[in-house]
Amino acid sequence: MTIGSSPTVDIMPDYKVYYFNVKALGEPLRFLLSYGNLPFDDVRITREEWPALKPTMPMGQMPVLEVDGKKVHQSVAMSRYLANQVGLAGADDWENLMIDTVVDTVNDFRLKIAVVSYEPDDDIKEKKLVTLNNEVIPFYLEKLDDIARENNGYLANSKLSWADIYFTAILDYLNYMTKSDLVANHANLQRVVDNVTSIDSIRSWIDKRPKTEISMPMGQMPVLEVDGKRVHQSLAMCRYVAKQINLAGDNPLEALQIDAIVDTINDFRLKIAIVAYEPDDMVKEKKMVTLNNEVIPFYLTKLNVIAKENNGHLVLGKPTWADVYFAGILDYLNYLTKTNLLENFPNLQDVVNKVLDNENVKAYIAKRPITEV
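Summarised in this report is the structure supplied together with it. As the structure is a prediction and not an experimental result, all values here were calculated from the model. The numbering scheme is per chain: residues are counted from 1 as the chain's sequence reads. For a predicted model such as this one, the threshold for reporting local features is a pLDDT of at least 70, and the threshold for listing and counting side-chain atom pairs is 80 or more; totals across whole chains, interfaces and linings nevertheless cover every residue. The side-chain quantities take in all heavy atoms of the structure and omit both hydrogens and water.

1. Notes on the overall build of the protein chain
- Numbering of helices and strands runs from the N terminus, with a helix taken as a DSSP run of H or I at least four residues long and a strand as a DSSP run of E at least two residues long. A count of helices and strands for the protein chain gives 14 helices and six strands.
- Referenced to the eigenvectors of the C-alpha coordinate spread, the extents of the protein chain come out at roughly 75 × 45 × 40 Å.
- For each residue, the accessible area found with a 1.4 Å probe, counting protein chains only, is set against the maximum for its type, and the residue is called buried under 20%, exposed over 50%, and partly exposed in between. Every one of the 373 residues in the protein chain was classed for burial, and the buried ones make up 43%.
- Taking contacts inside the protein chain between residues at least 6 apart in sequence as the whole, the part at least 24 apart equals 66%. Note on definitions: a residue-residue contact is assigned when non-hydrogen atoms from the two residues lie within 4.5 Å.

Structure representation (structure tokens):
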């Protein structure tokens, strides 16, 4: 059948898109399939399901496109393939080159935003944001806006192509990471978006697509929902729950002492995370030396002494949510450092053991889903 500018299809392939319940890198695939009116299974994987499914995916990552039972990865390659199926590739090699240069530029832009957005150290992130907001974002948006102006509201070849679809579909994700409306002051890029979202089949998809995780407070998780009200920020949520179960201290001074320990543990987590998630291998290798020889021994030695002084607890000589927080996050810290952090710190191990010996905690651990970490 013929749909708009798409080619005639004699035998309809069976398409499936596997991704989390987010737009991000999966949305260009969904836009392209929707544009061509190509039926597809929109398979949205929960975070709990992912560890079991991960080994079945190419390279252990998503999004994944399945075509007649064959699974492939790499979002740009998949988008290019679908563009060919729905008539949104170029008419010749030169036109395809023009499309590819724009898509690769948009993808470079995404990566430069992402490396700042997902920076775990708040102080470093704040510094990186200055360059991102004052230099990187204006540079890319001005260049792309000029391209859109020169191409009469499109990003390549002065006509609709998958470059326009890709940019429009990924824009929500870019806005989410930058916490802004990136095209608000760029009329030509807004025209690109309008040209795409005014297409009936795209509009139909937008109207019916599921709500995604980006509808969470501040677009992030974990989220605690209490009587239908959602809140974020893990420490704030833990503190609230601790008060409900009498682990938050008996007075403001005790609460302050608990907070001081929890904030120290969280500082430790951030210092580990910034190295674990460093994208440059050479830089990471250098940072690992300092982390392993200075940072980790410093924090663990200090916390171990504190645990000894508090009879196997981290503060006040009694159970508090500081103990629970530390025991709860330890697996993650071990995962990031690829070590058993407490192997040579018996007092801290005593803290963890006391938490794990609690019958309710034992019951939860016994029934919790198996996860990647």
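2. Looking at the packing of helix α10 (residues 252–276) against helix α12 (residues 321–337)
- Here the axes come from fitting lines to C-alpha atoms, over the contacting stretch only for helices, and the angles between their N-to-C directions go from 0 to 180 degrees. It is at 11 Å that the axes of α10 and α12 come closest, and there the two elements cross at 10 degrees. Of the possible angle classes, the one that applies to α10 and α12 is roughly parallel. Between α10 and α12, the residues in contact are Ile258, Asp259, Ile261, Val262, Ile265, Asn266, Phe268, Arg269, Ile272, Ala273 and Ala276 and Trp321, Ala322, Tyr325, Phe326, Ile329, Tyr332, Leu333, Leu336 and Thr337, respectively.
- Lys, Arg, Asp and Glu make up the charged group, whereas Ala, Val, Leu, Ile, Met, Phe, Trp, Tyr, Cys and Pro make up the nonpolar group; the residues left over, Gly among them, are polar. For the contact of α10 with α12, a count of residues per class yields 16 nonpolar, two polar and two charged. Working rule for angles: under 35 degrees goes down as roughly parallel, over 145 as roughly antiparallel, 65 to 115 as roughly perpendicular, anything else as oblique.

3. Here we look at a nonpolar patch on the surface
- Residues enter patches when they are more than 30% accessible in relative terms and free of salt bridges; like-charged ones are connected within 9 Å and nonpolar ones (Val, Leu, Ile, Met, Phe, Trp, Tyr) within 5 Å. Surface accessibility in these figures is a Shrake-Rupley result with a 1.4 Å probe; residues are shielded only by whichever protein chains are displayed. What counts as a salt bridge is simple: a side-chain nitrogen of Lys or Arg found within 4 Å of a carboxyl oxygen of Asp or Glu. Nonpolar side chains collect at one region of the surface, where Val226, Tyr240, Val241 and Ile245 lie side by side and expose about 320 Å² of accessible area between them.
- Along the chain, Ile245 falls in the loop between α9 (234–244) and α10.

4. Describing the pattern of salt bridges
- By the definition in use, this model includes 19 salt bridges.
- Of the charged contacts, one joins Arg30 and Asp42 as a salt bridge, the two residues approaching to 3.0 Å between their closest N and O atoms. Separated by 12 residues along the polypeptide, Arg30 in helix α1 (residues 27–35) and Asp42 in strand β2 (residues 40–45) bring together distant segments of the chain.
- Asp42 gets classed as partly exposed once you look at its relative accessible area, which sits at 24%.
- Between Lys318 and Glu254 there is a salt bridge, with the nearest N and O atoms lying 3.1 Å from each other. Note that Lys318 is positioned in the loop between α11 (281–309) and α12 and Glu254 in helix α10, a separation of 64 residues in sequence.
- Judged by its relative accessible area of 15%, Glu254 falls in the buried class.
- If you follow the salt bridges from partner to partner, you end up with Lys23, Glu27, Arg30, Asp42, Arg44, Asp172 and Arg209 in one network.

5. Quick notes on the sheet that holds strand β1 (residues 15–20)
- When DSSP finds two or more bridges between two strands, those strands count as paired. Taken in spatial order, the four strands make up an open sheet running β2-β1-β3-β4, and their pairing is mixed. Both outer strands of the open sheet, β2 and β4 (70–72), are each paired with one neighbouring strand and no more. Each adjacent strand pair in this sheet contributes to an overall mean axis angle of 20 degrees, direction not counted.
- Where β1 lies against β2, six bridges are found, and the strand directions are parallel. When the bridges of β2 are listed, Val17 appears paired with Asp42.
- Docked against the sheet, α1 engages β1 and β2, running at close to 155 degrees with respect to β1.
- Sheet strands in contact with helix α3 (residues 75–85) are β1, β3 (64–67) and β4, and its direction is about 40 degrees off that of β3.

6. What to know about the nonpolar core
- Residues belong to one nonpolar core when they are buried, are Ala, Val, Leu, Ile, Met, Phe, Trp, Tyr or Cys, and are joined through side-chain atoms within 4.5 Å. One finds Met62, Trp162 and Phe167 to be the most contacted residues of the largest nonpolar core, which totals 66 residues.
- When residues in this core are grouped by element, the largest group, 11 residues, is from helix α6 (residues 162–178).
- Setting aside residues no more than four positions away along its own chain, Phe167 makes contact with Val106, Leu155, Val183, Leu189, Val192 and Val193.
- Counting 38 residues, the second-largest nonpolar core is a separate cluster that includes Ala273, Val275, Ala276 and Val355.

7. What to know about the side chain of Glu66
- Considering the arrangement of structural elements, one finds Glu66 in strand β3.
- On the basis of relative accessibility, which here comes to 8%, the residue Glu66 falls in the buried class.
- Here the side chain of Glu66 touches Tyr18 through a polar contact of 3.0 Å, side chain to side chain.
- Excluding its chain neighbours within four sequence positions, the residues that come into contact with Glu66 are Asp14, Tyr15, Lys16, Tyr18 and Lys71. Here a polar contact is recorded for every N or O atom pair within 3.5 Å, except that within protein the pair must consist of a potential hydrogen donor and a potential acceptor, and residues adjacent in sequence are included only if both atoms are side-chain atoms.

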